[in-house]
Amino acid sequence: MHRDGQELSVVTEDWQRIQSRRVLVAAGLAAELPDVPGLKERWGHEVLHWRHTHRWEARDLAIAVVGSFRQALLFRQLTEKLTLILRGADDLSMGQRAQLTGLGVRILEGEIGGLEIDSHGQLAGAHLTSNTQVPAQRLVISPRVMACVDFLNGLGVSIRPHPTEASEQVAVDSSGFTGVSGVWAAGSVSDVLASAPVAAAAGSAAATAINLDLLVCDHTSIAAAPPTTGGFSGAMEAEVTRRVLGPRIHGLETILSRGNGSPTLPADLHKGDQPELPG
Ligand SMILES: Cc1cc2nc3c(=O)[nH]c(=O)nc-3n(C[C@H](O)[C@H](O)[C@H](O)COP(=O)(O)OP(=O)(O)OC[C@H]3O[C@@H](n4cnc5c(N)ncnc54)[C@H](O)[C@@H]3O)c2cc1C
C-alpha cells in the first residue's frame with residue numbers, strides 16, 4: 001500500500017490496484033511459533049495461548065505450560081495435572097515457586113524438543129531436550145505475536161510494543177486513527193489482546209470515524225469552493241415543481257376543491273419569479 005496523490009493505493013497479490021481516500025487496516029496478527037515439529041498444525045486446538053479460549057475445554061486434562069508463573073496460575077484453575085516448564089530465560093521468585101509447589105504444580109526446567117502423539121493422533125505430551133517426558137493433552141505457549149503490517153511500510157504508521165505482552169501492535173487513538181492521514185487500524189492488529197467482540201467493536205468505531213472524516217473533508221471542500229453562478233436556485237426549484245406537479249403543487253388541492261369538483265388554487269399561487277429553465 002502506498003500514497004498516490006490524495007489517495008491511498010492498494011495493490012493486491014494478483015496485481016489489481018484499488019484506490020481509496022481512506023483505508024481501515026484489519027490484517028490481524030501472526031504468531032511466531034516455536035520451531036517444534038507438529039506444533040504449528042496443533043496451534044489453536046491442542047497448543048494454546050493463555051489469553052485465548054479453549055480453556056474451559058481443557059479442564060481436568062493434563063496441561064503443560066511453557067513459560068510463566070501467571071500462565072501456570074491461570075491453568076491451575078482448570079486442572080490439578082499441571083506442569084510448568086521453565087526455559088533458560090524464565091525465572092520464578094522463591095515465593096512464586098513455593099506458591100506453585102503448594103498448589104501441586106510440577107516444575108521442570110528445559111526446552112521442548114518434540115511432541116508426543118498418541119495412536120489416535122491426539123497430543124499426549126512433550127519431551128524436553130533433556131529427554132524428560134512431560135504428559136500433556138494441552139500445551140500452553142506464549143509466542144510473540146506481531147501485527148501483520150509489512151504492507152504498510154513506508155506510510156509512516158507506528159508499531160509499538162504492547163505494554164504487558166511480548167508483542168507489537170499498530171499504534172492508534174481511541175477511534176483507530178493511526179496518525180497517518182487516511183489510515184485507520186482496528187482489531188487485533190492494533191490490540192493484541194482483543195477478543196472477537198472487542199475487535200468487531202473497534203472496527204465499528206473506526207468505520208464511524210472514517211465516515212465522519214470523509215464528511216468533514218467533503219464539506220470543507222464545498223465551503224472552500226467559489227460560489228457558482230447560475231446554479232440551482234429556490235426560484236428554479238419552484239418552477240420545476242410547477243412544471244412537474246402542475247395543480248397538485250401543495251398536496252392540498254383535494255381539500256381545496258371539495259364542493260365544486262374542480263381544483264381551486266389561490267390566485268397568487270404561481271406568482272413570483274419564473275426563471276428560464278432549459279428545455
Ligand atoms: C488460537 C486463537 C484462538 C482464539 N479464540 C478466540 C475465541 O474463542 N473467542 C474470541 O472472542 N477470540 C478468540 N481469539 C481472538 C480472535 O481470533 C481475534 O480477536 C479476532 O480474530 C480479531 O479479528 P481481526 O479481524 O482483527 O483479525 P483476524 O481475524 O486475524 O483477521 C485478519 C484477516 O486479515 C487477513 N490478512 C492479513 N494480512 C493480509 C494481507 N496482507 N492482505 C490481505 N489479507 C490479509 C488474514 O488472512 C485474516 O483473514 C483467538 C485467537 C487465536 C489466535
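Residues numbered from 1 in each chain as written. Predicted model: local features only at pLDDT ≥ 70, side-chain atom pairs only at ≥ 80, totals over all residues. Heavy atoms only, no water.

(A) Region of interest: the side chain of Arg42. Take Arg42: it is sitting in helix 1 (residues 39-42). Since its relative accessible area comes to 17%, Arg42 is described here as buried. Excluding residues that lie within four positions of it along the chain, Arg42 makes contacts with Val47, Leu115, Ile117, Gly121, Gln122 and Leu123. (Helix = DSSP H or I, 4+ residues; strand = E, 2+ residues; numbered from the N terminus. Buried < 20%, exposed > 50% of the residue type's maximum accessible area, 1.4 Å probe, protein only. Contact = heavy atoms within 4.5 Å.)

(B) The packing of aromatic side chains, seen in detail. Considering all chains together, one arrives at one aromatic pair under this definition. Consider the rings of Phe177 and Trp184, whose centres lie 4.8 Å apart with planes at 45 degrees: the pair is tilted. A relative accessible area of 4% places Trp184 in the buried class. (Phe/Tyr/Trp six-rings, centres within 6.5 Å; stacked < 30°, edge-to-face > 60°.)

(C) The sheet that holds strand 2 (residues 7-11), seen in detail. The antiparallel open sheet is built from three strands, whose spatial order is 1-2-3. Two strands bound the open sheet, and with one partner strand each, they are strand 1 (2-4) and strand 3 (17-20). This sheet shows a mean twist of 35 degrees between the axes of neighbouring strands, independent of strand direction. In the sheet, strand 2 pairs with strand 3 via four bridges, with the strands oriented antiparallel. Within strand 3, the position partnered with Leu8 by the bridge is Ser20. (Pairing = 2+ DSSP bridges. Axes fitted to C-alpha atoms, helices over the stretch in contact; angles between N-to-C directions.)

(D) A nonpolar patch on the surface, seen in detail. Taken together, the side chains of Leu212, Leu215 and Val216 make up a nonpolar region of the molecular surface, amounting to roughly 270 Å² of accessible area. Residue position: Leu215 is located in helix 4 (residues 196-224). (Patch = residues over 30% accessible without salt bridge, like charges linked within 9 Å, V, L, I, M, F, W, Y side chains within 5 Å. Areas by Shrake-Rupley, 256 points an atom, 1.4 Å probe, with all protein chains shown as cover. Salt bridge = Lys/Arg side-chain N within 4 Å of Asp/Glu carboxyl O.)

(E) Representation of the packing of helix 2 (residues 69-76) against helix 3 (residues 94-102) within the structure. Packing of helix 2 against helix 3 leaves a shortest axis separation of 11 Å and a crossing angle of 20 degrees. As the angle between them shows, helix 2 and helix 3 are arranged roughly parallel. In this structure, helix 2 crosses over helix 3, and the sense of that crossing is left-handed. The residues of helix 3 that touch helix 2, namely those facing Phe69, Ala72 and Leu73, are Gln96, Gln99 and Leu100. (Parallel < 35°, antiparallel > 145°, perpendicular 65-115°, else oblique. Left-handed = near helix turned anticlockwise from the far one by under 90°.)

(F) How the structure looks around the sheet that holds strand 15 (residues 159-161). Read across the open sheet, the four strands follow the order 5-14-16-15; overall the sheet is mixed. In this open sheet, the two edge strands, each paired with only one partner strand, are strand 5 (29-32) and strand 15. Between one strand axis and the next, the sheet turns through 25 degrees on average, direction left out of account. As judged from the two bridges shared by strand 14 (residues 144-147) and strand 16 (residues 167-170), these two strands associate in the parallel manner. By the bridge assignment, Val145 is partnered in strand 16 with Ser167.

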